[in-house]
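Structure at a glance
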Amino acid sequence: MTAPFPWPEGRRAAVAVTFDVDAESVMLAIDPALAERPSLMSHQRYGPVTGVPRLLALLAERDLRATFFVPGATAERHPDAVRAIAEAGHEIGHHGFEHESLLGRSREEELEILRRGLDALERAAGVRPRGYRAPWWELGAHTLALLEELGFAYDSSLFERDAPYRVGGIVEIPVSWAFDDWERYAFWPEITGSGVIARPSEVLEAWWEEIDALAEVGGCAVLTMHPFLSGRPARARALGALLDRILDRGDVWVATCGEIADHAARVLPGVSP
Ligand SMILES: [Zn+2]
């Protein structure tokens, strides 16, 4: 058994509160023709239009900072929402341009997507992200090498450990489908979801169990939510209750992915700070 990850100030575990602001992009990546379906597009727009302001207020009430992974196309369609996220002091990470799949892409194609995403975030919110999350958590064959070349500090799309680790010269902040709200809440007939939509209180309890067990092994919980899903009132209320419980236990470090990556770079051998 490996030693528990050395979290700062003797904390036993870390929790990163993260949101993927996919909005319309995740559907348009599946099929650009879906742009012709106003109701589906509106379902996705709930994220930047209604979910983001609610979630920003929820985080501000608790004085917490989160990481928002934003596709470049979302930044172009919803610059005000992305600016509001940045202005509230949250971290913005790269999440592709149009949430496109990277599978089978050449190095040049991957580089072009990364650059388009960087340019869009710079134009919309004046930010240069230090972190990356692949659309659908599916890195391409060249992504990690390109992230390092472009000076990214971390990726958050891999799965093999409970706590941050080194991949190449950058930090990996590993994820788990258990913490993805898509599997709990998403539904659109014939496009996504089983039609069984979880009770928010059940999601709260499931995630609490996961976090409690991760704390026992010194791990890192990466809550992965989408404003169009977790920004709805009952779900946001459950998230607030979960965050209050986490804060009350006192032995868990709630931090942005960037803060976790910086700490990991200090304690992991072979990562350039
Ligand atoms: Zn996404």
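Quick note: structure is the one above.
Let us look at the structure shown here. Keep in mind it's a predicted model, so treat the numbers as computed, not measured. (Residues numbered from 1 in each chain as written. Predicted model: local features only at pLDDT ≥ 70, side-chain atom pairs only at ≥ 80, totals over all residues. Heavy atoms only, no water.)

So, the nonpolar core
- Counting 54 residues, the largest nonpolar core has Val15, Val17, Phe19, Leu59, Phe68, Leu223 and Ile246 as its most contacted members.
- Once residues within four sequence positions are removed from consideration, Phe68 is found in contact with Phe19, Val21, Leu56, Leu59, Ile85, His90, Glu91, Ile92 and Gly93.
- Cys257, Ile260, Ala264 and Val271 belong to the second largest nonpolar core, which has 23 residues in total. (Core = buried A, V, L, I, M, F, W, Y, C linked by side-chain atoms within 4.5 Å. Buried < 20%, exposed > 50% of the residue type's maximum accessible area, 1.4 Å probe, protein only. Contact = heavy atoms within 4.5 Å.)

Remarks on the side chain of Thr256
- Mapped onto the elements of the fold, Thr256 is located in the loop between β9 (252-254) and α11 (257-267).
- Those residues in contact with Thr256 that lie beyond four places of it in its chain are Arg65, Ala66, Thr67 and Glu91. (Helix = DSSP H or I, 4+ residues; strand = E, 2+ residues; numbered from the N terminus.)

Some points on unusual backbone geometry
- Phi at Ala23 is positive, roughly 50°, even though this residue is not glycine.
- Its location among the elements puts Ala23 in the loop between β1 (13-20) and α1 (25-30).
- With a phi angle near 55°, Trp137 is a residue other than glycine that sits in the positive phi range.
- On the basis of relative accessible area, Trp137 is assigned to the buried category, the value being 6%.

Description of the coordination of the zinc ion
- Taken together, Asp22 (OD), Asp22 (OD), His95 (NE2) and His99 (NE2) make up the protein donors of the zinc ion, found 2.1 to 2.5 Å from the metal.
- Geometry at the zinc ion is irregular, judged from the four donor atoms that bind it and their angles of 53 to 139° at the metal.
- Expressed as a motif, the donor residue spacing for the zinc ion is D-x72-H-x3-H. Here His95 matches His99 in class, with each residue buried. (Donors = N, O, S within 2.8 Å, 3.2 Å for Na, K, Ca; no water. Tetrahedral: all angles 85-135°; square planar, octahedral: opposite > 155°, others 65-115°.)

Honestly, that's just the spatial picture; any functional story needs more than this.
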